[in-house]
Each structure stands twice: as C-alpha cells, then as structure tokens.
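Overview (structure and organization)
The chain contents come next:
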Amino acid sequence: MKKTSLVVLATAALMIFISCGSKPEPEPEVKPSAPESVVEEPVLNEEETSTEDDALAAEEADKAAREAALKAYEKALASKLEIEESELIEYDQKNYDEGNSLLAELEAMFNDDSVTGAQLEEKAKEVNARYNAVLLVGYKQLAKYWRNEAYESKRKADSVKAAVAEKDRYKNAVKEFKEGDTLYAMQAAEKAINHYIDADDEFIALYEEISVKRAAAQAAIEAAKKAVAEAEKLAASADITDPVGENTEGIEAEDAVLLEATEYANPDDAIEEIPETMTEAEGDE
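Residues numbered from 1 in each chain as written. Predicted model: local features only at pLDDT ≥ 70, side-chain atom pairs only at ≥ 80, totals over all residues. Heavy atoms only, no water.

What to know about the overall build of the protein chain
Rule in force here: Secondary structure is summarised from DSSP: a helix means a run of H or I of at least four residues, a strand means a run of E of at least two, and numbering begins at the N terminus for each. Partly exposed describes any residue whose relative accessible area lies between the buried limit of under 20% and the exposed limit of over 50%, with all areas from a 1.4 Å probe on protein chains only and scaled to the type maximum. Note on contacts: a residue pair is in contact if any heavy atoms of the two residues lie within 4.5 Å.
Helices and strands together make up the secondary structure of the protein chain, namely 7 helices and 0 strands. Shown N-terminal to C-terminal, the secondary structure of the protein chain runs as helices and strands in the order α-α-α-α-α-α-α. In the protein chain, which comprises 285 residues, the share counted as buried stands at 23%. Looking at the protein chain alone, contacts between residues at least 24 apart form 80% of all its contacts between residues at least 6 apart.

Right, dumping it as structure tokens:
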C-alpha cells in the first residue's frame, strides 16, 4: 500500500516537472508587405494613334505658316517704307491706301489666337500685292521721266556736235541710254532708272562743256572777222589812193586758188539715233 502511494507520487512529480520545463520561444509574426502598385501604359488603338499624329502634323504646319506670314509681314513693311522714301505714292494712291488698310488688319490678326497661320499668310500676301503694284507703277513712271530727260539732253549734245567733239564719251552715254531701254523692256524699271540718269548726266555735261568751247571759238572767229574787215577797209583805202595794176608781179590774181579745198565729213552722220518714246515691243504697257 505504501509502495503504491510512492509510485503515484513519483509519477505526479514527473508530470509536473515535464509541464514546468523550458518551452521554445514563439517565432516572430511576419506581416505581409503591401503589393507594389503597377502603372500600366494605356494602350492606344490604331484610330487614336492616327488622330494624335494628325494633331501634331497640324500644329507643325501652323507654326510653319505663321513663320511664313511673319516674313511676308516684314517684307510688306519694307515695301511700304520704300514707297514712301522714293515718293511713289502719287503714282498709285489707290493701291497704297488699300495696302495700308490690309496691313492694319494683318497686325490685328497677329494678336488673335483664333486666327490660323494660313490665314495670316494669306492676308500678308494681299498686303504685299498692293504695295508691289505701287512699286511697279511708280518705278515705270519714274523710268519714263528720266528717259525723257536723257533724250532731251541727248538732243542738246547733238546740237553741239558732241558725237564728233567727244566721240568716246558720247558713245558711252548712248550705251547707258540703250541699256536702260533693255532693262525697261525686261520689266526691270527700277534698274533702268539709274542708266537713264547716268546717260542724262553725261549728255548734259557734254553739251555744257562743248558749248563753252564753242562760245570761245565763236568769239575768236568774230574777232578774226573783225580784224579781216578792218584790213579790208585799209586795203580799199590804199587801193583808192595808190591803185595796184593788174597782174603785178608777186601778187596773185583775185580769183586765184591758194589752197586746195578740204572736204570734211558731215558731223550729223556721227549722231546715233534713239527712239523718242518707248514702244509696246520694248515692254511698255
């Protein structure tokens, strides 16, 4: 009985010891991490891609048209200044006024964001068309004016036989005149003007210089004539008081030819003819 009790107690003690023994530490709890966010690129279908490309192309085209419009605008301002400085307004007042009105419209359009580059360029072309018309008409009228001046100066130079007195200078002046006609016929009236002016300057210089020389020569001739007249008076007086007999030795007969006559070329043959006015064939309208 006693032995049995001891066994029971021993068993109980063993169970208590086992239950009170060291237990393994629990493993730390691992919290699940949040999933990484994935940004997905939108997938464009074929129609959306085409629309985007068209928009970019339209934007580039508008930018190019605006640049072209700006260049045309700058050209219009330069033409306007040229018209005013060259005093060409009076030759085409109507187109000049219309050009100014269109220019004001163009400047207002540049400040309007709703206006496209193509619209700006179209308006700028209209402005330039008006100003170009003024320049064309104005320079043609100026060319005609200077051509007429040069032609009249040539007539003066011809009147003093410049073609003979100053052959080379005369030919160069004629060459300048004809070059002006060639350029005018090629619709380059502005360039023709300079040649007409150069020809006019040379012809008038020839006329004035030769006129001075001719005047001096004429004065010398008049003085010589006067001296001859005085000599003839003295000879007539001497003939009355002391007449000379016919065929006196050493004195030629009255009708004797002392020198052979010299034939001179006609100076008018050296004159180069130039048409008085422009003809349609030369480019005039």
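Back to the text.
Let's talk about the pattern of salt bridges
Our working rule: Each salt bridge in this description consists of a side-chain nitrogen of Lys or Arg and a carboxyl oxygen of Asp or Glu lying within 4 Å of one another.
All chains considered together, the criterion is met by 14 salt bridges. The closest approach of N and O atoms between Arg 155 and Glu 152, which form a salt bridge, is 3.8 Å. Of the two residues, Arg 155 and Glu 152 both sit in helix α4 (residues 117-159), 3 residues apart, roughly one turn of that helix. Across the salt bridge formed by Lys 154 and Asp 158, the nearest N and O atoms sit 2.8 Å from each other. Of this pair, Lys 154 and Asp 158 both sit in helix α4, 4 residues apart, which is roughly one turn of the helix. For Lys 154, a relative accessible area of 4% translates into the label buried. You can call Asp 158 buried: its relative accessible area is 12%. Among the ionic contacts, a cluster of salt bridges with common partners joins Lys 94, Glu 98 and Arg 130.

Notes on the packing of helix α3 (residues 93-110) against α4
When two helices pack together, their arrangement is captured by the angle between the axes and the distance separating the axes. Selection criterion: Lines are fitted to the C-alpha atoms to define the axes, a helix being fitted only along its stretch in contact, and any angle between axes, read from their N-to-C directions, falls within 0 to 180 degrees. The scheme is simple: roughly parallel for angles under 35 degrees, roughly antiparallel for over 145, roughly perpendicular for 65 to 115, oblique for anything else. Crossings are assigned a handedness: left-handed for a near helix turned anticlockwise from the far helix by less than a right angle, right-handed for a clockwise turn.
At a minimum axis separation of 8 Å, α3 and α4 run at an interaxial angle of 160°. When the axes of α3 and α4 are compared, the pair comes out roughly antiparallel. Classified by chirality, the crossing of α4 by α3 is left-handed. Every residue of α4 that contacts α3 at Asn 95, Tyr 96, Glu 98, Gly 99, Asn 100, Leu 102, Leu 103, Glu 105, Leu 106, Met 109 and Phe 110 is listed here: Gln 119, Leu 120, Lys 123, Ala 124, Glu 126, Val 127, Arg 130, Tyr 131, Ala 133 and Val 134.

Quick look at the side chain of Asp 200
Stated precisely, the cut-off is as follows: Counted as positive: Lys and Arg. Counted as negative: Asp and Glu, with His and the chain ends omitted from the count.
Mapped onto the secondary structure, Asp 200 falls in helix α7 (residues 189-241). For the buried residue Asp 200, which engages in no salt bridge, the nearest side chain bearing the opposite charge is Lys 156, 8.0 Å off. Discounting residues that sit within four places of it in the chain, Asp 200 has contacts with Trp 146, Glu 149, Ala 150 and Ser 153.

Some details on the environment of Asn 132
Of note, Asn 132 is situated in helix α4. Expressed as a C-alpha distance, the spacing of Asn 132 and Gly 99, which sit 33 residues apart in the sequence, is 9.4 Å. Setting aside residues no more than four positions away along its own chain, Asn 132 makes contact with Lys 75 and Ser 79.

Quick word on the confidence of the model for the protein chain
Using the following cut-off: Per-residue confidence from the prediction method is given by pLDDT, with values spanning 0 to 100.
In the predicted model, the protein chain carries a mean pLDDT of 80, and 70% of its residues have values of at least 70. The least confident element of the protein chain is helix α1 (residues 2-19), whose mean pLDDT is 48; the most confident is α3, at 97.

Some remarks on the side chain of Asn 95
Counting through the fold element by element, Asn 95 comes out in helix α3. Apart from the residues within four sequence positions on either side, Asn 95 is in contact with Arg 130, Ala 133 and Val 134.

Details of the packing of aromatic side chains
Worth spelling out the cut-off: The pairing test for Phe, Tyr and Trp rings, Trp by its six-membered ring, is centres within 6.5 Å, and the orientation test on the planes gives stacked under 30 degrees, edge-to-face over 60, and tilted for anything in between.
Enumeration according to the criterion identifies 5 aromatic pairs in this entry. Considering the side-chain rings of Tyr 145 and Trp 146, the 5.2 Å spacing of their centres and the 80° angle between planes classify their relative orientation as edge-to-face. In this structure Trp 146 comes out as partly exposed when scored by relative accessible area, which is 25%.

Digging into the nonpolar core
Going by this rule: Nonpolar cores were defined as sets of buried Ala, Val, Leu, Ile, Met, Phe, Trp, Tyr and Cys residues, with membership established by side-chain atoms within 4.5 Å.
By size, the foremost hydrophobic cluster in this structure holds 29 residues, and its most contacted members are Ile 83, Leu 88, Val 127, Tyr 131, Tyr 139 and Tyr 184. Listing elements by their share of this core, those giving two or more residues are α2 (46-85), α3, α4, α6 (167-185) and α7. The biggest single contributor to this core is α4, with 9 residues. Among the nonpolar cores identified, the runner-up in size contains 15 residues, and Ala 150, Ala 157, Ala 163 and Leu 206 belong to it.

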